Amino acid sequence: MSEQTEANVILITGASAGIGAALARQLAPKGHRLVLVARRADRLAEVAADCGDNALAVVADVTDQAQLDAAIAAAIARFGHLDVWVSNAGQGITRQPSQLTDSDLDAMVNINVKAVWNGVRAALPHFAERGTGQFIHVSSMLGRVPFAPIRSAYVGAKHMMNALTASLRIELAQSHPGVIVTLVSPGVVFTEFGSSALHGGPDSRAFPDGQSAEEVAAVIEQAILTRATDLYTRAGAQARVAGYYATLGSDPA
Ligand SMILES: NC(=O)c1ccc[n+]([C@@H]2O[C@H](COP(=O)([O-])OP(=O)(O)OC[C@H]3O[C@@H](n4cnc5c(N)ncnc54)[C@H](OP(=O)(O)O)[C@@H]3O)[C@@H](O)[C@H]2O)c1
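K.L.:
Honestly, the site of the ligand in this entry has me stumped. Any pointers?
P.N.:
Residues in close proximity to the ligand total 29 residues, the closest being Arg 39, Asn 88, Tyr 154, Gly 187 and Thr 191. Here an oxygen atom of the ligand sits 3.0 Å away from a polar atom, N or O, in the side chain of Lys 158. Backbone polar atom of Glu 192 to an oxygen atom of the ligand: 3.5 Å apart, as the coordinates give it. When atoms are counted within 2 Å of each cavity's grid points, the one that captures over half of the ligand is the largest pocket. Mapped by element, the contributors of at least two residues to the shell around the ligand are α1 (18–27) and α5 (152–175).

K.L.:
I would appreciate a short explanation of the pairing of strand β6 (residues 179–185) in the present structure.
P.N.:
On a regular strand, one side chain projects to one face of the sheet and the next to the other, so that they alternate. Within β6, 7 of the 7 residues are buried, which leaves it mostly tucked inside the rest of the structure. Along β6, one buried face is formed by Val 179, Val 181, Leu 183 and Ser 185 and the opposite face, lined by Ile 180, Thr 182 and Val 184, is buried too. Handedness of the strand β5 (residues 133–138)-α5-β6 crossover: right-handed. Examined bridge by bridge, β6 and strand β7 (residues 230–232) share 3 bridges and lie parallel to one another.

K.L.:
So what exactly am I meant to see when it comes to the side chain of Thr 191 here?
P.N.:
Residue placement: Thr 191 occurs in the loop between β6 and α6 (213–226). Assessed through its relative accessible area of 10%, Thr 191 is described here as buried. In this structure the side chain of Thr 191 is engaged in a polar contact, spanning 3.0 Å, whose partner is the backbone nitrogen of Phe 193. Leave out the neighbours within four places in its chain, and Thr 191 touches Gly 18, Ile 19, Asp 203, Ser 204, Arg 205 and Ala 213.

K.L.:
Can you walk me through the side chain of Asn 112 in this structure?
P.N.:
Mapped onto the fold, Asn 112 is located in helix α4 (residues 102–130). According to the relative accessible area criterion, Asn 112 is buried, its value standing at 0%. At 2.9 Å, the side chain of Asn 112 and the backbone oxygen of Gln 91 are in polar contact. Beyond its immediate chain neighbours, meaning those up to four positions away, Asn 112 contacts Gly 90, Gln 91, Tyr 154, Ala 157, Lys 158 and Met 161.

About the thresholds
Residues numbered from 1 in each chain as written. Predicted model: local features only at pLDDT ≥ 70, side-chain atom pairs only at ≥ 80, totals over all residues. Heavy atoms only, no water. Near = heavy atom within 4 Å. Polar contact = N/O pair within 3.5 Å; in protein donor to acceptor, adjacent residues only side chain to side chain. 1 Å grid on protein atoms, 1.4 Å probe; cavity = no way out; pocket = protein on both sides within 12 Å on 5 of 7 lines; lining within 4 Å. Sits in = over half its atoms within 2 Å of the grid points. Helix = DSSP H or I, 4+ residues; strand = E, 2+ residues; numbered from the N terminus. Buried < 20%, exposed > 50% of the residue type's maximum accessible area, 1.4 Å probe, protein only. Right-handed = clockwise from strand over helix to strand, strands pointing away. Pairing = 2+ DSSP bridges. Contact = heavy atoms within 4.5 Å.

Laid out in structure tokens, this is it:
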């Protein structure tokens with residue numbers, strides 16, 4: 001794997017809180033130029049201020065294609081080009097599978113799948129023209145294993161996002177080999193994710209055995225440096241996923 005050594009222009013969605021904010025604060029002192037995207041202008045401005053002169057805050061809703069098209073236009077106008085698009089914005093849900101409504105399913109797909117594809121559509125023409133670029137899609141262990149029934153609609157959406165991401169990687173390896181696609185899968189992270197879930201619910205910061213947003217941000221930074229394509233954020237995660245699939249199904253006798 002080749003290492004990227006120079007500073008990059010990096011757009012981060014969901015940069016007003018949690019993992020996205022931690023990533024911005026971690027990358028800024030390394031000289032990267034940042035485009036920070038989220039809806040809450042006040043929270044975004046705080047993060048941007050911590051990041052200094054090389055951070056541009058763009059208030060946008062990732063579920064709106066036009067707003068993400070405007071975000072990349074703003075990035076190019078300010079910094080000349082974009083190297084990395086981190087699709088990190090996301091939302092969970094707290095509702096048992098049998099209770100899910102049609103609008104619950106729509107909401108989870110809109111924010112966790114369609115919004116990521118709004119980002120792909122916004123940035124791919126630019127990456128294709130330059131012949132280089134990186135998409136980083138922040139998924140979840142729950143995108144690999146359906147461990148949490150109260151999050152089932154989120155789990156399903158992240159599985160879909162994973163499948164689309166893997167398919168995009170195969171397509172681009174043929175059509176645009178310089179454009180790479182990375183999936184990052186955290187477990188529980190101590191952020192506002194739980195309390196911001198649709199229908200409320202348990203606070204992720206109260207769960208046992210989580211990790212900090214800074215630890216996850218360090219893995220995402222590693223993905224940028226190494227152009228790795230698929231990373232968990234905790235030791236033992238890959239074995240846990242493999243163990244789950246090893247218990248499934250049986251061949252006909
Ligand atoms: N925390 C966990 O336990 C955990 C575990 C595995 C994976 N993840 C994933 O990690 C990613 C980041 O989550 P987090 O833990 O940092 O959660 P968080 O603290 O709740 O932050 C979510 C971020 O997404 C932004 N966002 C949500 N909806 C948006 C929209 N429609 N348009 C623009 N921005 C939007 C929020 O900003 P605004 O509200 O200001 O728009 C916020 O900056 C998500 O994809 C999540 O699925 C989290």
